[in-house]
Amino acid sequence: MTKIGIIGGSGLDDPNLLHDARDVEVTTAYGSPSAPLKAGTIEGREVVLLARHGREHTIPPTYVNYRANIQALKDAGCTCILATTACGSLREEIDRGHLVILDQFIDFTRRRDVSFHETFAPHGAVHTGMAEPFDDGLRDLLNRACAKLGLTHHERGTVITIEGSRFSTRAESNMFRMWGADVINMSVAPECILANEAGLPYAAVAMSTDYDCWKTDEAPVTWEEILEVFKSNVEKVTSLLVETVRNID
Ligand code: ADE
């Protein structure tokens, strides 16, 4: 039986998104997740919502317990994960409010637990393949749902995840563009890595909220800008999630 985990920002912790919503307090072998899980149904499918940064958005990206979040969804019986994230655009053609269905990441984080495997005992070494980290079946559903709803979207894109909480310097932003990154955020790695290690198919939709700081004809990104653009486009993401969940097998 399919059960869908959804990891989102606090704007997505909307009780109206779920039918028969109830809070479930959980803890895991890796500690507590960012918030209680909110379990319910969307279009008759069982769904579990988790606010990545906590319900009040109090947990900075470095301090999110990504391992506990993924383990909590797995323990709750989730069979796949859809994640949402705001991102900065590193490409002219990815404008504010556009959605990007990510297909690759570059992990530029430095201070996070990036694996469940703290020891190889007792079963021997585990090294998880990461060539195609985002699940193609889920990505396909997200892309089809975007097309059906008429949402301006990019069918693929490479995200670079930085440590934060600061934004990038202009030199870094230009370097990331040269590396081939299309968008930038602070959370997809190690979340995506851990979902792969846990054997949970994972896909993420990134909403572009700003042009970071590489674009010298406009002011560098601010947190206030991200919040404003995200808020005024959040219903795109919720309608995309509903349409995608409806079509998951
Ligand atoms: N999230 C949204 N915009 C971002 C940016 N420019 N850098 C890092 N994370 C972001």
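This text gives an overview of the structure that appears in the document. Just so we're clear, the structure is a prediction, and the values are computed from it rather than from any experiment.

Comments concerning the packing of helix H1 (residues 66-75) against helix H4 (residues 188-197)
At a minimum axis distance of 9 Å, the contact between H1 and H4 shows a crossing angle of 40°. Between H1 and H4, the crossing angle belongs to the class labelled oblique. Classified by chirality, the crossing of H4 by H1 is right-handed. In contact with Tyr-66, Arg-67 and Ile-70 of H1, H4 contributes Pro-190, Glu-191, Leu-194 and Ala-195. Tallied by class, residues from the contact of H1 with H4 come to 5 nonpolar, no polar and 2 charged.

Structural notes on the site of the ligand
Taken together, 13 residues sit near the ligand, with Cys-87, Gly-88, Asp-210, Asp-212 and Ile-226 positioned nearest. Between Asp-212 and the ligand, the recorded distance is 2.8 Å, taken from a side-chain N or O atom to a nitrogen atom. When the ligand sits alone it has 260 Å² of accessible area, and the protein chains cover 94% of it. Within the residue set of the shell around the ligand, elements represented by two or more residues are strand E5 (80-89), strand E10 (183-185) and strand E11 (202-210). Tallying contributions element by element places E5 first for the shell around the ligand, with 3 residues. When the residues that make up the shell around the ligand are grouped by side-chain class, the tally is 8 nonpolar, 3 polar and 2 charged.

Details of the pairing of strand E9 (residues 158-162)
Counting buried positions along E9 gives 5 out of 5 residues, so the element sits mostly inside the fold. Residues Thr-158, Ile-160 and Ile-162 point to one face of E9 and Val-159 and Thr-161 to the other, with burial holding for every one of them. Note that strand E7 (residues 104-108) and E9 share 5 bridges and pair parallel. Note on E9: the bridge partner recorded for Gln-104 is Thr-158. Bridge count between E9 and E10: 3 bridges; the pairing is parallel. Paired with Val-159 across the two strands is Val-183, which belongs to E10. Crossover E9 to E10 through helix H3 (residues 170-179) is right-handed.

Calculation criteria
- Residues numbered from 1 in each chain as written.
- Predicted model: local features only at pLDDT ≥ 70, side-chain atom pairs only at ≥ 80, totals over all residues.
- Heavy atoms only, no water.
- Axes fitted to C-alpha atoms, helices over the stretch in contact; angles between N-to-C directions.
- Helix = DSSP H or I, 4+ residues; strand = E, 2+ residues; numbered from the N terminus.
- Parallel < 35°, antiparallel > 145°, perpendicular 65-115°, else oblique.
- Left-handed = near helix turned anticlockwise from the far one by under 90°.
- Contact = heavy atoms within 4.5 Å.
- Nonpolar A, V, L, I, M, F, W, Y, C, P; charged D, E, K, R; others polar.
- Near = heavy atom within 4 Å.
- Polar contact = N/O pair within 3.5 Å; in protein donor to acceptor, adjacent residues only side chain to side chain.
- Areas by Shrake-Rupley, 256 points an atom, 1.4 Å probe, with all protein chains shown as cover.
- Buried < 20%, exposed > 50% of the residue type's maximum accessible area, 1.4 Å probe, protein only.
- Pairing = 2+ DSSP bridges.
- Right-handed = clockwise from strand over helix to strand, strands pointing away.

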